[in-house]
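# Structural description and commentary
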Amino acid sequence: MNHIALKFFILLVLFSTIAKAQELETPNSMILHPEWYIKVTDWSYYAASRVAMISHVRIENTADISYKNIKIKLNFYSTSYGNAGEQVSSTIGVLPITIPPHSKKTYLRGGMPIGMGEMSYKTKYVQVLGAVPIVNDSLKKFIKTKKPKLTL
């Protein structure tokens, strides 16, 4: 009987340790990889005097924390007859917005310049490259206690 109780206790400690490790890992990934949690699901693109403008950007944040200054990349594709569908350019910009946790909202309704562009360009997707996590004091400890990765 004592063997069964001892095995049960060891399994209980093991499972609680695994659960605590997973709890610590989630905020770390939200801080270190915001691009995993932020999705641009809709946007409008237009060019005014060869300036690429982006507006009505719909962003979804699935993380438990807020982010600001969303860094994005737009790939431009040609709509001209000779090279339709070919990638002709790309640009990187920062959306100066703050998105709350677990939200889906449309931003930049008035538009924002994002780089050089032409009316004949089309954007197929907006890639999120990163963001600045907004962390409170309780989450800052996860940044300080980040374990270094082992490489062989």
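This text follows the structure it describes.
Let me begin by describing the structure that accompanies this report. (Residues numbered from 1 in each chain as written. Predicted model: local features only at pLDDT ≥ 70, side-chain atom pairs only at ≥ 80, totals over all residues. Heavy atoms only, no water.)

The helix and strand inventory of the protein chain stands at two helices and seven strands. Within the protein chain, the proportion of its 152 residues that are buried is 32%. (Helix = DSSP H or I, 4+ residues; strand = E, 2+ residues; numbered from the N terminus. Buried < 20%, exposed > 50% of the residue type's maximum accessible area, 1.4 Å probe, protein only.)

This structure, assessed with the given rule, holds two aromatic pairs. Between Y45 and F76, the aromatic rings sit 5.2 Å apart at their centres with planes inclined by 45°, giving tilted as the arrangement. Taken together, the residues Y45 in strand β1 (residues 38–48) and F76 in strand β3 (residues 66–78) connect sequence positions 31 residues apart. For the pair formed by Y45 and F76, the shared burial category is buried. By the ring-pair criterion, three or more aromatic residues cluster together here, those being Y45, F76 and Y121. Positioned over the ring face of Y77 is K124, at 4.5 Å from the centre of the ring. (Phe/Tyr/Trp six-rings, centres within 6.5 Å; stacked < 30°, edge-to-face > 60°. Lys NZ or Arg CZ within 6 Å of the ring centre and 35° of its normal.)

Counting 29 residues, the largest nonpolar core has I54, I59, Y67, I70 and L95 as the members making the most contacts within it. Sorting the residues of this core by element identifies α1 (2–32), β1, β2 (51–61), β3, β4 (87–99), β6 (112–116) and β7 (121–134) as the ones contributing at least two each. Not counting residues within four places of it along the chain, the set of residues in contact with Y67 comprises M30, P34, Y37, I38, N61, I97, T98, I99, A131, V132, P133 and I134. (Core = buried A, V, L, I, M, F, W, Y, C linked by side-chain atoms within 4.5 Å. Contact = heavy atoms within 4.5 Å.)

Turning next to the sheet that holds β7. Taking strand neighbours across the sheet as the criterion, the three strands line up as β4-β3-β7 in an open arrangement whose pairing is antiparallel. A single partner strand is all that each edge strand has here, and the edge strands are β4 and β7. Sheet twist, expressed as the mean angle between neighbouring strand axes with direction ignored, is 20°. (Pairing = 2+ DSSP bridges. Axes fitted to C-alpha atoms, helices over the stretch in contact; angles between N-to-C directions.)

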